[in-house]
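Below, each chain spelled out in residue letters.
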Amino acid sequence: MRHHNSITRARFRLYQILEKIPVDYKKNIINLLRGKEIIINENDIFNAINSFLFLIPSAKNEKDVERKLENFEDLKILMKKLKTKKHTQKALNENLPAPAQLTIPDDVCHYDFNNPRVLTVREMARIQSFPDWFVFKSKTTTGGDARKYEVPQYTQVGNAVPPLLAYELGKLIKNTLNGLN
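Residues numbered from 1 in each chain as written. Predicted model: local features only at pLDDT ≥ 70, side-chain atom pairs only at ≥ 80, totals over all residues. Heavy atoms only, no water.

> Could you give me a rundown of the packing of aromatic side chains, with the residues and numbers involved?
Within this structure, the stated rule accounts for four aromatic pairs. Judged by centre distance (5.0 Å) and plane angle (50°), the rings of Phe130 and Phe134 are tilted. Judged by relative accessible area, Phe130 falls into the buried class, the value being 9%. In this structure Phe134 comes out as partly exposed when scored by relative accessible area, which is 30%. Relative to Phe134, the ring of Trp133 lies with its centre 6.2 Å away and its plane at 50°, an arrangement referred to as tilted. Aromatic ring contacts, followed pair by pair, group Phe130, Trp133, Phe134 and Phe136 into a single cluster. (Phe/Tyr/Trp six-rings, centres within 6.5 Å; stacked < 30°, edge-to-face > 60°. Buried < 20%, exposed > 50% of the residue type's maximum accessible area, 1.4 Å probe, protein only.)

> How would you explain the environment of Tyr15 if you had to name every residue and give the values?
Take Tyr15: it is sitting in helix H1 (residues 6-18). We classify Tyr15 as buried; its relative accessible area is 5%. Those residues within four positions of Tyr15 in sequence are excluded, and the remaining contacts are Leu33, Thr84, Gln89, Lys90, Ala91 and Cys109. (Helix = DSSP H or I, 4+ residues; strand = E, 2+ residues; numbered from the N terminus. Contact = heavy atoms within 4.5 Å.)

> Please provide a residue-by-residue account of helix H4 (residues 72-82), values included.
In an α-helix there are 3.6 residues to a turn, and that puts residues three or four apart on one side. All of the buried residues along H4 are Phe72, Asp74, Leu75, Leu78, Met79 and Leu82. For H4, the arc enclosing every buried residue in end-on projection is 150°, short of the 170-degree limit, so these residues lie on one face. The elements touched by buried residues of H4 are H1, helix H2 (23-33), helix H3 (42-49), strand S1 (54-56) and strand S2 (65-67). Put simply, Asn71 is the residue that caps the front of H4, since its side-chain oxygen is 3.1 Å from the backbone nitrogen of Glu73. (Arc of directions from axis to C-beta. Polar contact = N/O pair within 3.5 Å; in protein donor to acceptor, adjacent residues only side chain to side chain.)

> Could you give an account of the side chain of Glu19, with specific residues and numbers?
The topology assignment puts Glu19 in the loop between H1 and H2. On the basis of relative accessible area, Glu19 is assigned to the buried category, the value being 17%. A distance of 2.8 Å separates polar atoms of two side chains, one belonging to Glu19 and the other to Lys26. With sequence-adjacent residues up to four places away left out, Glu19 is seen in contact with Lys26, Lys90, Ala91, Leu92 and Asn93.

> How would you sum up a nonpolar patch on the surface? Please name residues and give values.
Taken together, the side chains of Val161, Leu165, Leu169, Leu172, Ile173, Leu177 and Leu180 make up a nonpolar region of the molecular surface, amounting to roughly 700 Å² of accessible area. Residue position: Ile173 is located in helix H7 (residues 163-180). (Patch = residues over 30% accessible without salt bridge, like charges linked within 9 Å, V, L, I, M, F, W, Y side chains within 5 Å. Areas by Shrake-Rupley, 256 points an atom, 1.4 Å probe, with all protein chains shown as cover. Salt bridge = Lys/Arg side-chain N within 4 Å of Asp/Glu carboxyl O.)

Written as structure tokens, this is what we have:
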């Protein structure tokens, strides 16, 4: 498991909450997170989220605080703390099919409210239909110049054709070629 700082855990909790509210409110909260204007009434947005427990980033070496927000101003303050330039982050929704896996682990976080975190390489591989016995070689992640020489495990999973898809495509090609004879 990767370890995340307080702000990242709080941002992942926010993404988990966003998966539970209507899409219009979700879009407006993401706009707040990116420092943009919102187009829906503040009270309506607050009413959509006021039943959820948010993680409030802590000072260094302190335990994160989990609590409901008191008002829309609380949400605005939290969004300033969690502000990010990332555009694709989201949480999995346990009631929906998982999206195609990407090569950057921080783009998708787990849906478990008790453990806001990125997926492990193995979890991503399961979503892509890799069997558990399949071993990915290399470092889990790399950055900078190292990416020119190594392909990290997350990238291997994200760039791979899912094995079950490859199997079905292979059967289709075989049947097509056999039909031509």
